[in-house]
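# Chains, contacts and geometry: an overview
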Amino acid sequence: MKKYVLQRCLWLIVVLLCVGFLIFTVMYFVPGKPADVLLTAEATAQEKYEFNQKLGVNDPYIVQLGRYMYNTFIKFDFGTSYVYRVPVLQELNNRVPRTLTLGTIAIVINAFIGIPLGVACAMHQNKPLDHLLMILAMAGISMPDFWLALMMILLFSVKLKWLPPFGIGSWQNWIMPVIACSVQGVAVNARQTRSAVLETIRADFVTTARAKGVPEHDVIYKHMLPNALIPVINMLGGAFGRAIAGTVVIETVFSFPGVGVYMMNGINGRDYPVVRGCVLVLAAFSAVAVLIVDLIYGFIDPRIKAQYEGGGAHK
Amino acid sequence: MKKLLSALISGLMVLSLTACGSSSSTAAAASGAASSTGSATAQSFDTIIEATKTASNIDPLNMNQSGKNFLWEVYEMLFDLDGFGGDMYGVLADSSKGEYKGYDHEAGTPEYTVYLYQNIKDSAGNAITASDVVFSYNTMKDSGYAHGWNTLASVDAVDDYTVKFTFTRELTKVGELSAYWARCFVFSQKAYEASASKFASDAVGTGPYVLKSYTAGSGITLEKNPNYWQTDTTAIHTQHQANIENIQYKFIDEDATNVVGLQTGDVDIVEEVATKSITDFQDGGAYADTYDVYQHANNLTDMALANVSSDSVCNDINMRLALFYAIDPVGVVNYMDTNSVKSVYALGNANFPDYDSGWEKEDNYETLSSDARAAKVKEYLDKAGYNGQKIKILCLNEEHYKNLSQVVGSMLNAAGIQTADVQAVDNSTYQTLLADSTDWDLDVCGWAANDFIVNCWDHIFSVGSTGKTGTFIDQNDQLITLLNTARETATHTQENVDAVHEYYISQAYGMGLCQSIVNVVYNSKKITKLVFTDKSMILPGACTYTN
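Cut-offs and rules
- Residues numbered from 1 in each chain as written.
- Chains lettered and ligands numbered in written order.
- Predicted model: local features only at pLDDT ≥ 70, side-chain atom pairs only at ≥ 80, totals over all residues.
- Helix = DSSP H or I, 4+ residues; strand = E, 2+ residues; numbered from the N terminus.
- Buried ≥ 20, exposed ≤ 12 C-beta atoms within 10 Å, placed from the backbone.
- Contact = placed C-beta atoms within 7 Å.
- Axes fitted to C-alpha atoms, helices over the stretch in contact; angles between N-to-C directions.
- Parallel < 35°, antiparallel > 145°, perpendicular 65-115°, else oblique.
- Nonpolar A, V, L, I, M, F, W, Y, C, P; charged D, E, K, R; others polar.
- Domains from an automatic or database assignment.
- Pairing = 2+ DSSP bridges.
- pLDDT = per-residue confidence, 0-100.
- Core = buried A, V, L, I, M, F, W, Y, C linked by C-beta atoms within 7 Å.

Here we take up the overall build of chain A. Within chain A, the secondary structure is distributed over 14 helices and zero strands. Listed N to C, the secondary structure of chain A is α-α-α-α-α-α-α-α-α-α-α-α-α-α in terms of helices and strands. The proportion of buried residues among the 315 residues of chain A is 41%. Nonlocal contacts in chain A, meaning residues at least 24 apart in sequence, comprise 72% of its contacts between residues at least 6 apart.

Another point: the overall build of chain B. Regarding its fold elements, chain B presents 15 helices and 21 strands. Counting across all 547 residues of chain B, residues that qualify as buried make up 48%. Nonlocal contacts in chain B, meaning residues at least 24 apart in sequence, comprise 69% of its contacts between residues at least 6 apart.

Here we take up the packing of helix H5 (residues 88–123) of chain A against helix H12 (residues 259–268) of chain A. Residues and elements named next belong to chain A. Between H5 and H12, the least distance of the axes is 8 Å, while the angle of their chain directions is 130°. Comparing their axes, H12 and H5 come out oblique. Of the residues in H12, those in contact with Glu91, Leu92, Arg95, Val96 and Thr99 of H5 are Val259, Gly260 and Tyr262. Tallied by class, residues from the contact of H5 with H12 come to four nonpolar, two polar and two charged.

Looking now at the domain arrangement of chain B. Residues and elements named next belong to chain B. For chain B, the assigned domains read domain 1 (47–251 + 526–545) and domain 2 (298–518). Placing the centre of domain 1 and that of domain 2 at their C-alpha centroids yields a distance of 34 Å. Of the residues in the side of domain 1 that touches domain 2, the class split is two nonpolar, five polar and three charged.

In this section: the sheet that holds strand E5 (residues 103–105) of chain B. The strands making up a sheet associate through backbone hydrogen bonding, with each pair oriented either parallel or antiparallel. Residues and elements named next belong to chain B. Spatially, four strands are ordered E5-E6-E8-E7 in an open sheet, and the strand pairing comes out antiparallel. Only two strands of the sheet have a single neighbouring strand rather than two, namely E5 and strand E7 (152–159). Sheet twist, expressed as the mean angle between neighbouring strand axes with direction ignored, is 20°. Here six bridges tie E7 to strand E8 (residues 162–167), and the two strands are oriented antiparallel to one another. From the neighbouring strand, Leu152 faces E8, where its bridge partner is Phe167. Contacting E7 and E8, helix H4 (residues 130–143) crosses the sheet at an angle of about 165° to E7.

This part is about the pairing of strand E10 (residues 209–215) of chain B. All names here are of chain B. Pairing geometry for E10 and strand E11 (residues 219–224), over six bridges, is antiparallel. Looking at E11, one finds that Ser213 is bridged to Thr221. Counting the residues that bridge the hairpin from E10 to E11 gives three residues, and of these Gly217 lies at a positive phi of roughly 80°.

The interface is formed by 46 residues belonging to chain A together with 46 residues belonging to chain B. Broken down by element, the residue count for the side of chain A that touches chain B peaks at eight residues, all from helix H7 (residues 145–159) of chain A. Across the side of chain A that touches chain B, the residue classes break down as 25 nonpolar, 10 polar and 11 charged.

Quick look at the confidence of the model for chain B now. All names here are of chain B. With 90% of its residues at a pLDDT of at least 70, chain B reaches an overall mean of 88. Across residues 465–470 the pLDDT falls below 50, and counting only partners more than four positions away or on other chains, this stretch makes 22 contacts in the model. Here the predicted complex scores 0.84 on pTM and 0.80 on ipTM.

Further remarks concern the packing of H7(A) against helix H7 (residues 255–264) of chain B. Where H7(A) contacts H7(B), the two axes come as close as 10 Å, and the packing angle between them is 10°. Judged by the inter-axis angle, H7(A) sits roughly parallel to H7(B). Seen from H7(A), the contacting residues are Leu150(A), Ile153(A), Ser157(A) and Val158(A); seen from H7(B), they are Ala256(B), Val260(B), Gln263(B) and Thr264(B).

So, on to the nonpolar core. If you look at soluble globular proteins, the nonpolar side chains tend to sit buried side by side. If you look at the biggest cluster of nonpolar residues, it comprises 158 residues, and the most contacted ones within it are Ala149(A), Met77(B) and Leu116(B). It is H5(A) that provides the largest number of residues to this core, a total of 12 residues. Ignoring sequence-local partners within four residues, the contact set of Leu116(B) consists of Leu92(B), Ala93(B), Asp94(B), Ala130(B), Val133(B), Tyr161(B) and Val163(B). Counting residues in hydrophobic clusters, the runner-up holds 72 residues, among them Ala322(B), Cys445(B), Phe461(B) and Leu479(B).

Take the pairing of strand E14 (residues 291–306) of chain B next. Two faces belong to every sheet, and in a regular strand the side chains alternate between them. Residues and elements named next belong to chain B. Here E14 runs beside strand E19 (residues 510–523); their pairing, made up of 12 bridges, is antiparallel. Within E19, the position partnered with Gln295 by the bridge is Asn519. Summarising the sheet, E14 and strand E18 (residues 442–447) pair through six bridges and their orientation is antiparallel. The partner of Ala304 across the bridge, within E18, is Val444.

This part takes up the environment of Lys121(B). When you line up the elements, Lys121(B) lands in the loop between strand E6 (111–115) and H4. Sequence separation between Lys121(B) and Trp229(B) is 108 residues, and the spatial gap between their C-alpha atoms is 5.6 Å.

The subject of this paragraph is unusual backbone geometry. All names here are of chain B. Phi is positive for Phe199, which is not a glycine, with a value near 70°. Following the sequence through the fold, Phe199 ends up in the loop between helix H6 (189–194) and E10. The phi torsion at Ala508 lies on the positive side, around 55°, for a residue other than glycine. Assignment of secondary structure puts Ala508 in the loop between helix H15 (494–506) and E19. Overall, Ala508 belongs to the buried group, with 23 C-beta atoms counted inside 10 Å.

Before going further, it helps to examine the confidence of the model for chain A. Chain-level statistics for chain A give a pLDDT mean of 86 and a share of 96% at 70 or above. At the low end of the mean pLDDT range in chain A sits helix H14 (residues 302–311) of chain A, at 70; at the high end sits helix H4 (residues 61–73) of chain A, at 94.

Given below as structure tokens:
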């Protein structure tokens, strides 16, 4: 198992190197340079050239690439934002915890509400409870998160004056963003869990367990659920990676200073260090999330664990 | 079961509809419950809260970035301008000294001597001397943000409180001095070098307010400077007053969120509220007892400029005239909403002191009545030999410019002129495309200046990104000569300004489309009078309050 984990960690480094190379190359060929955004239209071509020269963006591709790869992967220096004028790593240290907290709470809610709902639906398949919860799940999936966010603001901030509409001043500021981030996930999770549980509910081992007189609670949570959770955990792992990057709309609506908005501003402002830094961090989080998901597979399913220990990298 | 499901679905739909709805209907329903301050957490009246666009940093060197209003409360310049196009007055410069109230200048020479107050200190207690002024200007010049400073040769400290500015020539054009002296904040060299971020995330200034806290992407809090250096109250201009203890700037980019902030009482001032959202805050509106709306015309003029290079179909003056006669400015204003924009009749607007209202009565493509335009379009299309080439329209990817471009395109199509799809792009791509004369024919954009219309025209027609005489104009000595004559202080007469206007109209280089109306919504229970900078930004510290 340790060998498997070590191999996956080494692959993580390769993945990050490839991501770094790709994002650098893509940003290099995107039209426009930082001076076009940072200097006003009155700036002359010479002024723009000199401005870009100071930033090092006029150098040849291979020179810039070499400098970027060395600084990022050897010195762990993501550079300084052209727009914010603050080291990217320093700014990410402030923003990642906020977005990570938002995403993590949303994932936890997804898991602790979505999974039991899905199990309940499956256990009461085609009954009123199942229909009702699936209708709610469909509504949850259909609602755009920004629309839900705006509706909550109108209801809880404007009408009821219970919650603040924007900012990060207190814990109350987090309630609506968390709900907006998690509703769709809960709905998707519930449907996915229902589907997965329905596949296992008629399995022979479940019938055997019931025949042996195992309590229904144990049948569900000790026998059925571990088998049904594999696709659900896979989905939660992917959702975690997306949660770090995909909250830009929620962050914009709630004026929440997170990684999503930081990266969007970087893209629009041709702020290369910000974009590269954010993409690398997101890639790292996604890769770690996938690794954790794979390890959880092994924990849940002994067959998979045996594969890791026996076959190394192959599942 | 089916009936139950149908009832449930219907109930959900009704629920979602009642939660939806315009802000006015929501506000109307809540009006009975809305308190005068509106906020669940009551705001102390020693604090005023303004919503601004997100500032990427608090760097005083890049003062033209959005969301940087707070800089004018924390930092000061040698001089400032008393409103848009107003007179220059001394701030750090001692107006009691020098022939020109703060400075001396011998006519015919490129040297200007500025005299500082001798008791200036920043919020960290550092004394500000001439060497700090030198440092500030050199730092600004090296930063790359001080474009247009190509006539500044050197800045030197004559003694501790005297600074000599040497230019490459005598500054004789209108607004040239203020472009240096009222566009560079002064700070302590010691404080700047001690700052790890070089003032990108901290601030030490000489202004009436000090930075209390800054959260990137979230907001800024300022508090009154208890040790403000200027103790002579008679020398403090209205714009530099500190009439409130604390100022909070909250970074909010969405118009809807701004409106919500006003409705909940979490925000006291919003400088740009969309016209469609101000009804609730005007007389008779749900929040009219707490808020008021102050409207003023934006300094920016929206216009359509032609690409006159040989790569464009607009190289032919007849084609340009056909295009501009096809665009009906009255129709543009009607389409864009007469409550949101107003008409303009030049590449500039009536805010400028050297704007001539007589231009509105002239007979040209800016002023011709709607029903007479079709004949003119046909005439000039025939002269141009138009054979169906598609006109490429370029604009920034902002809703306002996209709408303008759409209406311009529609008018051209209605007149029989083919257009390609509008290229609405982000700022960086826009600058790149603009510099390539093969990529566009008509640029729908906005231009402004801080003081005079001739300087606005200078921005448009002078050396631009391509290094040629204007991004849109090939070498045109006559235009530049007329412009330089009009910009000289001694010859800045209405007659000379008119001559420039007449020339660019005769060449059909561009056409004014409209001017936006800016809606400032503010808490009238707290604020009795708004005070603005010369760039029309509110100074919350300088506003007057009911307490």
